[in-house]
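Okay, here's what each chain looks like letter by letter:
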Number of protein chains: 2
Amino acid sequence: MSTQLSSWNDGAARSAIVDFVTRVTTPDNPAFVPPADRIAVFDNDGTLWCEQPVIQLAHILQRWEEMAKQDPSLRDQQPWKAAVEKDMTWFRTAITKHYGGDESDMPAIAKGVLSAFAGLTAEDFAKSVAAFFRTAAHPSLKRLYRDCGFAPMVELLRFLEAHEFANYIVSGGGRDFIRRIAGEIYGIPQDRVIGTSSSIVFRENGDGGDLLHKAKLDVFDDGAMKPARIWSRIGKRPILAAGNSNGDIPMLQFANTPQRPALRLLVLHDDAAREFDYVSGAEKSLALAKQYGWTVVSMKKDWKTVFA
Amino acid sequence: MSTQLSSWNDGAARSAIVDFVTRVTTPDNPAFVPPADRIAVFDNDGTLWCEQPVIQLAHILQRWEEMAKQDPSLRDQQPWKAAVEKDMTWFRTAITKHYGGDESDMPAIAKGVLSAFAGLTAEDFAKSVAAFFRTAAHPSLKRLYRDCGFAPMVELLRFLEAHEFANYIVSGGGRDFIRRIAGEIYGIPQDRVIGTSSSIVFRENGDGGDLLHKAKLDVFDDGAMKPARIWSRIGKRPILAAGNSNGDIPMLQFANTPQRPALRLLVLHDDAAREFDYVSGAEKSLALAKQYGWTVVSMKKDWKTVFA
């Protein structure tokens, strides 16, 4: 395995990964897990790609600006007001408050998010996402959003696949947003993307019909919902779970069971030079990583490169 | 393709299948569909296995009898009363009424179904299903339930896989029930089973935790919900859809889009000698099959064998 995971520095994180994969894939090892049960789940924002700012928000901001052009009354309401005024501080504050348990801005954001694409067909929404990713760029990293995936994590996905793992994304972000780019960035097919979803409703049309996005939340795939959605989709417990924030704690816990080994990875954003340096929203998960011995992945120390 | 689909008689249904698969898999054919988009969806009850009686009901009946033993007050309430008295007529009537649009017995059945396994962990429920299928037998066909899959449909699944289709079950039956047997009967992995589900909730337990079944419906995967769940799970429209009842109509319609070909199959139960002869619950779907040219599969005329 020496030539693989080459964008990871030698250290505790890389060793933990290699040791775990060796144990579960060696037939005469007591920790052996058959290939069909080698399920790995990955949070997306902050785990597989950067989350400052939340990339999906940029797509929604584009749409809110368009909506406010068509209906000027929206300019006095959040979140359209912040979108038109390009007031990113309002959004950052709302997200920070959310991770700290203060949900006061969430109803307005949820309403804005859900109404943004209401009435679109599922296929037109997919086209909108594809168009966004062709040109949209990160404001400070100076690269396209589709180039914001973490190279060592993409390499880890390939490493796991080479050892007959099935990789899934389990994100608090939008399922129908992520799945349109997950193939290109991560090599993960769209049926292996689990995430937050708005309600979609079938509209019959003779011998045909469409699915329409409604302004209604279907599932908010974060926290304790993540294990439930993993089971709903896969029907199995993962043996490897990777996250970076408090919202990933139940998913990381769920991977552990007395019957067999589990690897839990927590990505630590401590690299101001190459990405960002923050622990906001990850305080509790970092404390639990220490308490339970989860593997903390330091972007600064464990990764030779951050972006491809 | 002459040696494949050997349990199908020559006729319109077999020809429609072979012609369709030939067209969508021939690169220079205008109807060519790339392998990644060859999605096929199958209803389960009455399409892949027999539905008289509904097999899942037998599993729940076992459980209701156990519950009524432990709590005698349940013996005066439906559906426990019918379970204890082995009054199958009450259940058959309720199902017939349901397919006819009369939902009057459904709240009691739903309450009974949902409370039957409330409090069990997801893994213990899986064990209960596995135990059921080891010994439970069909009352009149004189075979184990796990041998009640339709051999020509299983053969069709293999035929489609050989042509790089991905097959999914999309059932009004229970997802966590079907997925425990779908591998053995159909060769369909559990992450490709979409179906009705009860709510499951994560219960944290230190560095671990379990999912518990709640006495609450999550999704009733029938009718217009089927296209929505297909999109939620797969993110694509199927190009082949197979069903047998009115509850499959939206799924069959959804497969059709002007951009590319679609095959819709409707299994007709017209074989009293080898299975059953009924159209109850399929009246509207049969009328639409005629109107739109969907392919009706006659069990009597199109299948050389019904069961393996």
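What you see is a predicted model; the values in this text were computed from it and never measured.

## So, the overall build of chain A
On a plain count of helices and strands, chain A comes out with 13 helices and eight strands. At 20 Å, chain A has a C-alpha radius of gyration in line with the 19 Å of a compact globule built from 308 residues. Across its three principal axes, chain A shows a C-alpha extent of roughly 65 × 50 × 35 Å. Going through the 308 residues of chain A one by one, you find that 56% of them count as buried. Expressed as a percentage of contacts within chain A between residues at least 6 apart in sequence, the contacts between residues at least 24 apart total 66%. For chain A, the centre of its 37 positive side-chain charges and the centre of its 38 negative side-chain charges are spaced 1 Å apart.

## Remarks on helix α5 (residues 106–116) of chain A
Turning to α5(A), its buried residues number three or more, namely A:Ile109, A:Gly112, A:Leu114 and A:Ala116. Against the buried residues of α5(A) lie α2 (55–70), α3 (80–84), α4 (88–99), β3 (193–204) and β4 (209–219) of chain A.

## Considering helix α10 (residues 225–234) of chain A
Residues and elements named next belong to chain A. Burial analysis of α10 places nine of its ten residues in the buried class, the great majority of the element. Turning to α10, its buried residues number three or more, namely Lys226, Pro227, Ala228, Arg229, Ile230, Trp231, Ser232, Arg233 and Ile234. Count one or two residues on from α10 and you reach glycine 235, which has phi positive near 80°.

## A few points about the pattern of salt bridges
Here the structure, examined in full by the defined rule, presents 36 salt bridges over all chains. A salt bridge links B:Arg175 to B:Asp176; its shortest N-O distance comes to 2.9 Å. In this structure, the salt-bridge partner of B:Asp210 is B:Arg203, at a minimum N-O distance of 4.0 Å. What emerges from the salt-bridge pattern is a single network uniting A:Glu123, A:Arg203, A:Asp210 and B:Arg237.

## Some thoughts on the packing of aromatic side chains
Inspection of the entire model under this criterion finds 30 aromatic pairs over all chains. With 4.9 Å between their ring centres and 80° between their planes, A:Phe117 and A:Phe125 make a pair best called edge-to-face.

## What about the relation of the copies chain B and chain A?
For the pair chain B and chain A, the relating rotation is 180°, the translation along its axis is 0.0 Å, and the fit reaches an RMSD of 0.0 Å. Taken together, the turn and the small shift mark the pair as related by a two-fold rotation axis. No C-alpha of chain B approaches the rotation axis more nearly than that of B:Arg233, which lies at 3.7 Å. The residues that chain B uses at the interface reappear at the interface of chain A in 100% of cases, marking a shared surface.

## Observations concerning the side chain of B:Asn44
Residue and element names in this part refer to chain B. Within the secondary structure layout, asparagine 44 lies in the loop between β1 (39–42) and α2 (55–70). Residue classification places asparagine 44 among the buried residues on the basis of a relative accessible area of 0%. Discounting residues that sit within four places of it in the chain, asparagine 44 has contacts with Trp49, Ile169, Val170, Ser171, Ile178 and Tyr186.

## Section: the interface of chain B and chain A
Each side of the interface is counted separately: chain B has 38 residues, and chain A has 38 residues. Of the roughly 3,300 Å² buried at the junction of chain B and chain A (both faces included), carbon and sulfur atoms supply 45%. Among the residues of chain B in contact with chain A, B:Phe202, B:Asp207 and B:Trp231 are the three that bury the most area, contributing 22% of the side total. Across the pair B:Arg264 and A:Asp207 runs a salt bridge, and its minimum N-O distance is 2.6 Å. The interface formed by chain B and chain A holds 32 residue pairs in polar contact (both at pLDDT 80 or more) in total. Counting only elements with at least two residues in the side of chain B that touches chain A, the list comes to α6 (122–135), α8 (175–178), β3 (193–204), β4 (209–219), α10 (225–234) and α11 (249–254) of chain B. Per element, the largest residue contribution to the side of chain B that touches chain A is seven residues, and it comes from α10(B).

## What to know about the packing of α2(B) against α6(B)
Residues and elements named next belong to chain B. Direction vectors running N to C along α2 and α6 enclose 110°, while the axes themselves pass 11 Å from each other. Compared by their axis directions, α2 and α6 come out roughly perpendicular. Contacts between α2 and α6 pair Ile55, Ala58, His59 and Gln62 from the former with Phe125, Ser128, Val129, Phe132 and Phe133 from the latter. Residue composition of the contact of α2 with α6, by class: six nonpolar, three polar and no charged.

## Looking at the sheet that holds strand β5 (residues 240–243) of chain B
All names here are of chain B. Strand order in the open sheet formed by seven strands is β4-β3-β2-β1-β5-β6-β7, and the pairing between neighbours is mixed. Each edge of the open sheet is held by one strand with a lone partner, namely β4 and β7 (295–298). The average angle at which neighbouring strand axes cross in this sheet is 35°, direction not considered. Bridge analysis of strand β2 (residues 166–174) against β3 gives three bridges, and the strand direction is parallel. Counted as the bridge partner of glycine 174 is threonine 196 from β3. The strands touched by helix α7 (residues 151–162) are β1, β2, β5 and β6 (263–268); relative to β1, the strand with the most contacts, the crossing angle is about 165°.

## With respect to unusual backbone geometry
Cis geometry marks the peptide bond from A:Gln52 to A:Pro53; its omega dihedral reads -5°. Phi angles above zero are rare outside glycine, and B:Lys142 is one such case at about 55°. Within the secondary structure layout, B:Lys142 lies in the loop between α6 and α7.

## Structural notes on the nonpolar core
Counting 72 residues, the largest nonpolar core has B:Phe42, B:Trp64, B:Met153, B:Leu156 and B:Tyr186 as its most contacted members. Per element, the largest residue contribution to this core is eight residues, and it comes from α2(B). The residues contacting B:Trp64, other than those within four sequence positions of it, are B:Leu57, B:Pro79, B:Trp80, B:Ala83, B:Phe91, B:Ile109, B:Gly112, B:Val113 and B:Ala116. The next biggest cluster of nonpolar side chains, apart from the first, holds 70 residues, and it includes A:Leu48, A:Leu57, A:Trp90 and A:Leu263.

## Some thoughts on the environment of B:Asn256
Relative to the assigned elements, B:Asn256 resides in the loop between α11 and β6. Once the C-alpha coordinates of B:Asn256 and B:Pro238 are considered, the two residues, 18 residues apart in sequence, prove to be 8.3 Å apart. Within the structure, the side chain of B:Asn256 is placed 2.5 Å from the backbone oxygen of A:Asp207, a separation counted as a polar contact.

About the thresholds
- Residues numbered from 1 in each chain as written.
- Chains lettered and ligands numbered in written order.
- Predicted model: local features only at pLDDT ≥ 70, side-chain atom pairs only at ≥ 80, totals over all residues.
- Heavy atoms only, no water.
- Helix = DSSP H or I, 4+ residues; strand = E, 2+ residues; numbered from the N terminus.
- Rg over C-alpha atoms; globule rule 2.2 N^0.38 Å.
- Buried < 20%, exposed > 50% of the residue type's maximum accessible area, 1.4 Å probe, protein only.
- Contact = heavy atoms within 4.5 Å.
- Lys, Arg positive; Asp, Glu negative; His and termini not counted.
- Charge placed at Lys NZ, Arg CZ, Asp CG, Glu CD.
- Salt bridge = Lys/Arg side-chain N within 4 Å of Asp/Glu carboxyl O.
- Phe/Tyr/Trp six-rings, centres within 6.5 Å; stacked < 30°, edge-to-face > 60°.
- Least-squares fit on C-alpha atoms with pLDDT ≥ 70 in both.
- Buried area = accessible area lost by both parts, 1.4 Å probe.
- Polar contact = N/O pair within 3.5 Å; in protein donor to acceptor, adjacent residues only side chain to side chain.
- Axes fitted to C-alpha atoms, helices over the stretch in contact; angles between N-to-C directions.
- Parallel < 35°, antiparallel > 145°, perpendicular 65-115°, else oblique.
- Nonpolar A, V, L, I, M, F, W, Y, C, P; charged D, E, K, R; others polar.
- Pairing = 2+ DSSP bridges.
- Core = buried A, V, L, I, M, F, W, Y, C linked by side-chain atoms within 4.5 Å.

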